[in-house]
Amino acid sequence: MVCRIEVALKSGLKDALGDKYARRAVEDLNLNVEAIRTVKAYLVDFEGIDSNALKQAAEGPYSDPVTQICSIDSPLFKQMEFEWDWLIEVGFRPGVTDNEGKIAKEALELIIGRKAADEEGVYTSSQYLVRGEMNREQAEKLATGLLANDLIQRTLVATREEMERFWQAKEGPVYAIPRVQAEGEIVVKEMDLSAMSDDELIQLSRDGVLALNLKEMKTIRDYFARPEVIEERKKVGLGPKVTDVELEALAQTWSEHCKHKIFNALITYVDEDGSVVLEDSLFDTYIRGGTEEIRKRLGKDDWCLSVFKDNAGVIKFNDKYGVAFKVETHNSPSALDPYGGALTGIVGVNRDPFGTGMGAKLVFNTDVFCFGPPDYKGDLPKGLLHPKRIFEGVREGVEHGGNQSGIPTVNGSILFDERYLGKPLVFCGTGGVLPMEVCNRPGYEKKAQPGDAVVMCGGRIGKDGIHGATFSSEELHEGSPATAVQIGDPITQKKMTDFLLKARDLCYYNSITDNGAGGLSSSVGEMAEEAGGFELHLDRAPLKYPGLQPWEILLSEAQERMTVAVPSDRLEAFLELARKMDVEATVLGTFTDSGKFHCLYEGKTVAYMDMDFVHNGVPRLELKAVWQHPEHEEPVFEEPSDLGKELKTILARYNVCSKEYVVRQYDHEVQGGSVVKPMVGRWCDGPGDAAVLRPDLETYEGLVVSHGICPRYSDIDTYDMVCCAVDEAVRNAIAVGADPARMAGLDNFCWCDPVQSEKTPDGHYKLAQLVRANRALYEICTAYGVPCISGKDSMKNDANIGGVKISIPPTLLFSLIGRMDDVRKAITMDVKAPGHLVYVLGTTYEELGGSEYFASKGFVGNRVPQVRIKEARSRYAALHNAINKGLVASCHDCSDGGLAVALAESAFAGGFGMEIDLDLVPADSIDRTDYLLFSESQSRFVVTVATEKKKEFEDEMAGTVTALVGETTRDQALTITHHDRKVIFEDIGLLKRAWKEPIDW
Amino acid sequence: MAGKVRAIVTTGYGTNCEMEMAHACRVAGADIVDIVHLSDILYGEVSLDSYHFLNLPGGFLDGDNLGAAQAGANRLRNGVIKDSGERLMDQVLRFVEQGGLILGVCNGFQLMVKAGLLPGFDGNYEERMVSLTYNDSGRFEDRWITCRFNQDSPCVFTRGLEYMDLPIRHGEGKFVAKDGETLGRLADSNLIVMQYVDKESGQPTQKYPDNPNGSELAIAGICDPTGRLMGLMPHPEAFHHKTNHPHWTRKEMPEDGAGIGIFRNGIEYLRKNVV
């Protein structure tokens, strides 16, 4: 029996959600919408539920009698004093995660005192009562263009008469349950590769969305033709044909995503002068190689604990704790379903540090987004969402994921470029603390033992995310579960992490890892490397709905699951604790030392392969890279007469302007360790350079979190792009007080496809960009002594827009964690008082290539900023000492928009003016004032110092480029003179307004 | 256990401020502070009976999926203790009757009003009279606000406190009463413990963002007529040390955060009157 409960706010109360959508319908879609009121609907599908229980649910957990009204099996809109023209109802498609429905079901279980049966459930949908004259087409545009995402949701657009009819019928759309209909029978397909031609092999790979190339397909074919393999498989009841379970598992394990084939390829690099270098694995040479060199140099003081081998990198924080940190991207899913994609991105990366070592307690999140411009007015091909919609969806997904998980979002950025229209980049990062010792073993290590049970905990398995985002929306139909997109469920995950941390401290398990990309295949497969093999019974896995094929169970990327290795003598206690804490935990098999990747379904073997072949059998790529320096037009334009106006223009550029709108919606203080927040200064609206937090409230030792990212420089040379990104991360951390000797980094490469092919005719150049980026990473990380401890690459960020291929600019996000001995020595970027001395540290060069200023004039230019590593290092060391001695009142780094922006931000964040003489700014043969103001030379800071600390500060900075250029004033003006001429004279309040306006939604 | 103030901080099902809540209790002088997962109580392994001070921390109980703390309040009301069969709510009511203190912050406050623990007129702790609903801004927000304490309120947690800067971090913090009469009664009995104020004038305000959510009468926190039960949207436990304050790099401040004062008052009250 299906009942329908509807809930809405009382008419006297403001419906903020409805108001927001009404506003956006007008602003973003240009529709004639006057007002919107929202209604929440619950379809309750429980056997034999009595009307009392239903009434109790409706008036209890489903609605709030103080603020809301509700109805049971009658249209609530009739009770609402609200005139409307269209009703739009948005519900989920079958199989899509419905978090509210799940909680509604659990609440009802408590009321009726029994658990729901498998086929019972509660399904939610949202109704929007829309007032405004529109035709049906416009109402449908409102539905799909703003209120719903067709990919995961179904919509009903109806007039009042239509709704009356639906209600009278008591069937149809208002009572339709989005239940997944199981289709077809469970069957394991077998394929005879031995008889296949090259073309047929490629066809099989393409049809099955396996993404394996010919060489890889042949390697698989040859493996299954080996006599000893045939012999062994025969013993477990398998023939010479490969099963779909095996082929899918191999495709997953050998995917670019999991194996990083490009980073491990053999690359022939041809330089501009024709010289040829053979690059034997960029990862081993430049990333792992750089870290090894630094660790060797540190010797017995090495503070890296676990690098490149676990789900996150781990460094030592203090004698009690290590810190695990990882950043992931979730780009394609976020393009399809921004909310679900980003939510999954953040709760997904949470499981990386959580699945590192014996499991870390999560203490901070970071996020960096790259979008198309939110005011984009051009055409968008079908299937592509408007960048503002992507922005809002991603923002909200990360908000819900981070906030509900109780992890503070402490640091981030948002960048804009039209080349991100087709592929937004969504970087989500999480850090956690791991006890140095867990159950008398190092907490940052783990080892599954043969005989340990394979236990899956948390959520259930559905068709979520199978084959990632390669499925297109056309392949979805009513009744088929939405496979392309996963939607995270932060609360199921929170319950699971609460449980597992308790189990960890009770020594209930030997190893833990997360189920992300590749699902069980990947998690169990990886852990089995510790033990030496596994035996997995796929039919024992708990499913969200029936009808999954064995290979789908193995590969599903359903979220909120961890796999743990539980020794047999703790198994009962482990499962009992799970029951008590309301977490589903299921034994799926056993870790073995057989050397075999062994899956069964209802007792019958469906996959049997050598672990060694699965993990190490993938053939190596051999690629070619050819470098050619791009030549851009050298900008020619007159120096503008009104530089104050130019400054406001730069402050208002999307890449520079305030992101407070987003920052405020993220909880950045939960867990109580917040020391330097994302927004700082007199009115808490200045842009902090880096976060400082205390992960352990028992000590004043602090973590510093920062990042650097500057994709625009890639237009000139990715070598410099990488140097600048790393420098930016380091100088941001230095600016708040981090110790330069205790910083570690994460490299996240987001690239466009760098493999030469018909589709990618410039692959040789793009690969050369990747080689140069890696060389730079090695160079600067080893010079700064900042080891990379983990990282990730996403190599196919291209989109086809209106028949034109658009590739993202090669983008490196360099995320950094640093350390402070005492957070009470941290400083912020806002000026503190009038009469303080203003210093500029570092030389300004004519380096406007790729700058915001040139971009504002429509140019790229050629002179990209160079990092002068040696100079920068000594400046950072000296400045750190000065900060540690309490000599610095404020410190802000110069980045996008250069010196002028740094001065303006420091002034308006602190609420005091500044008088600055540009003639005193250290500069290297720059004759134009605008260039001096807006050049983006690296490693520079604007620092203020109290007059009484002048001498001490200057002594500390001796030997570095440090210039006293002016002072702060009570007067609220930023006054900049050059050659005795006032070149900027602006009210700081107005500068701030210009900076805040663009994204003040 | 005579002489020892015993505090319990509950967690589980989406609560997430338990660490700093416990830390604040310790800094404020509680002798014993236990973080207890609700399942331990529901399994009958821990009972509120052995504590004096119940802390209901912030978070997202059940993801706030049916509205803030809606499902949480349902668990309180309909959840029963294993074996004994006692309702969880009955244990809480006994705790109140025996003179215990309850402090609900943010999601904990939402839980208290939705379960009916506040305002608790006439000793009725199960009737929902007031609520906390969606912010007028339609958003979750994290920002620091200033609030003023009611000098005439019976609240034991706020004695001697006048103004305090604290962070708010919520999407559903707008205080509404069932009707005008309820609101009037809250005001008349001085149960409105704290209000959001205009940062310049120090007076209660309806102006955003000083009043961050549009609360009626700028209400930020209330107590019951005994003064022993208090709920508030701002987070005192998130201002346990000066470095939590957004202006700590701009001016001198005492080492302990002002938020500790609320916990200290509660613990001192217990020391004098209960333990």
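Everything quoted here is computed from the prediction, not taken from an experiment.

A. Geometry of the overall build of chain B. When helices and strands are counted, chain B shows seven helices and eleven strands. Here the C-alpha atoms of chain B give a radius of gyration of 17 Å, agreeing with the 19 Å that 2.2 N^0.38 yields for 275 residues. Across its three principal axes, chain B shows a C-alpha extent of roughly 55 × 40 × 35 Å. Sorting the 275 residues of chain B into buried and exposed places 69% on the buried side. A sequence separation of at least 24 residues applies to 74% of the contacts in chain B between residues at least 6 apart. For chain B, the exposed area adds up to about 8,700 Å²; of that, 46% sits on carbon and sulfur atoms.

B. Inspection of the interface of chain A and chain B at higher detail. Between chain A and chain B, the contact holds 73 residues from the first and 59 residues from the second. Buried surface at the junction of chain A and chain B, both sides included, amounts to about 5,300 Å², of which 53% is carbon and sulfur. Considering only the surface of chain A that becomes buried against chain B, Val-66, Lys-580 and Arg-664 of chain A emerge as the three largest contributors, covering 13% of it. The interface formed by chain A and chain B contains eight salt bridges. Salt-bridge contacts for Lys-580 of chain A lead to Asp-40 of chain B; the nearest nitrogen and oxygen are separated by 2.5 Å. Across the contact surface, chain A and chain B share 30 residue pairs in polar contact (both at pLDDT 80 or more). Contributing elements (two or more residues each) for the side of chain A that touches chain B: α1 (16-29), α3 (99-112), α14 (387-405), α15 (490-505), α18 (571-580), β27 (674-676) and α26 (898-910) of chain A. Sorting elements by how many residues they give to the side of chain A that touches chain B places α3 of chain A first, with eight residues. Taken together, the residues of the side of chain A that touches chain B sort by class into 30 nonpolar, 18 polar and 25 charged.

C. Up close: unusual backbone geometry. Look at the link from Leu-118 of chain B to Pro-119 of chain B: it is a cis peptide, with omega at 5°. Cis rather than trans, the peptide bond between Tyr-208 of chain B and Pro-209 of chain B has omega equal to 0°. In this fold, Pro-209 of chain B is placed in the loop between β9 (192-196) and β10 (219-223). Although it is not a glycine, Val-209 of chain A adopts a positive phi angle of roughly 50°. Inspection of the secondary structure assignment puts Val-209 of chain A in the loop between α6 (198-207) and α7 (214-225). For Val-209 of chain A, a relative accessible area of 28% corresponds to the partly exposed category. Positioned with a positive phi, Ser-281 of chain A is a non-glycine residue whose angle comes to about 70°.

D. The arrangement of the state of the cysteines in detail. Residues and elements named next belong to chain A. Considering all chains together, one arrives at one disulfide over all chains under this definition. In this model Cys-439 forms its disulfide with Cys-507; the gap between the sulfur atoms is 2.0 Å. Its S-S torsion of about -100° marks the bond between Cys-439 and Cys-507 as left-handed, since a negative value means left-handed. Taken as a pair, Cys-439 in the loop between β17 (437-438) and β18 (441-442) and Cys-507 in the loop between α15 and β20 (511-514) lie far apart in primary sequence, 68 residues in all. The exposure class assigned to Cys-439 is partly exposed, which follows from its relative accessible area of 27%.

E. Inspection of helix α1 (residues 18-27) of chain B at higher detail. Residues and elements named next belong to chain B. Most of α1 is tucked away, with seven of its ten residues classed as buried. Taken together, the buried positions of α1 are occupied by Glu-18, Glu-20, Met-21, Ala-22, His-23, Ala-24 and Cys-25. At its buried positions, α1 is contacted by β1 (6-11), β2 (32-37), β3 (53-56), β4 (101-105), β7 (163-170) and α7 (260-273). Following α1 by one or two positions, Gly-29 adopts a phi angle in the positive range, close to 105°.

F. Layout of the environment of Ala-116 of chain A. Residues and elements named next belong to chain A. Take Ala-116: it is sitting in the loop between α3 and β5 (121-131). According to the relative accessible area criterion, Ala-116 is buried, its value standing at 19%. Excluding its chain neighbours within four sequence positions, the residues that come into contact with Ala-116 are Phe-46, Lys-105 and Glu-109.

G. Region of the structure containing the packing of α3 of chain A against helix α3 (residues 70-78) of chain B. The interhelical angle for the contact between α3 of chain A and α3 of chain B, taken along N-to-C directions, is 15°, at an axis separation of 9 Å. What the angle tells us is that α3 of chain A and α3 of chain B run roughly parallel. Between α3 of chain A and α3 of chain B the crossing geometry is left-handed. Residues Ile-103, Ala-107, Leu-110 and Ile-111 of chain A of α3 of chain A lie in contact with α3 of chain B, whose contacting residues are Ala-71, Asn-74, Arg-75 and Asn-78 of chain B.

H. The pairing of strand β11 (residues 229-232) of chain B, seen in detail. Residue and element names in this part refer to chain B. Here β11 shows no split at all, with Leu-229 and Gly-231 on one side and Met-230 and Leu-232 on the other all buried. Sheet topology note: the β4/β11 ladder contains four bridges and is parallel. Across the sheet, Ile-102 pairs through a bridge with Leu-229, a residue of β11. Bridge count between β10 and β11: three bridges; the pairing is antiparallel. The residue bridging Gly-221 from the neighbouring strand is Leu-232, located in β11.

I. Just the pattern of salt bridges, in detail. All names here are of chain A. Under the definition given, this model contains 94 salt bridges over all chains. Of the charged contacts in the structure, one is a salt bridge between Arg-419 and Asp-715, with a shortest N-O distance of 2.9 Å. Taken together, the residues span a long stretch of sequence, with Arg-419 in the loop between β15 (409-416) and β16 (425-435) and Asp-715 in the loop between β31 (702-708) and α22 (718-736) at a distance of 296 residues. A residue is classified by how much of its surface remains accessible, and Asp-715, at 18% relative accessible area, is buried. Where salt bridges share partners, they join Arg-24, Asp-28, Lys-388, Glu-392, Arg-395 and Glu-399 into one cluster.

J. Expanded view of the confidence of the model for chain B. Averaged over every residue, the pLDDT of chain B is 96; residues scoring 70 or more account for 99%. Scored as a complex, the prediction yields pTM 0.96 and ipTM 0.97.

Rules behind the numbers
Residues numbered from 1 in each chain as written. Chains lettered and ligands numbered in written order. Predicted model: local features only at pLDDT ≥ 70, side-chain atom pairs only at ≥ 80, totals over all residues. Heavy atoms only, no water. Helix = DSSP H or I, 4+ residues; strand = E, 2+ residues; numbered from the N terminus. Rg over C-alpha atoms; globule rule 2.2 N^0.38 Å. Buried < 20%, exposed > 50% of the residue type's maximum accessible area, 1.4 Å probe, protein only. Contact = heavy atoms within 4.5 Å. Areas by Shrake-Rupley, 256 points an atom, 1.4 Å probe, with all protein chains shown as cover. Buried area = accessible area lost by both parts, 1.4 Å probe. Salt bridge = Lys/Arg side-chain N within 4 Å of Asp/Glu carboxyl O. Polar contact = N/O pair within 3.5 Å; in protein donor to acceptor, adjacent residues only side chain to side chain. Nonpolar A, V, L, I, M, F, W, Y, C, P; charged D, E, K, R; others polar. Disulfide = S-S within 2.5 Å. Axes fitted to C-alpha atoms, helices over the stretch in contact; angles between N-to-C directions. Parallel < 35°, antiparallel > 145°, perpendicular 65-115°, else oblique. Left-handed = near helix turned anticlockwise from the far one by under 90°. Pairing = 2+ DSSP bridges. pLDDT = per-residue confidence, 0-100.

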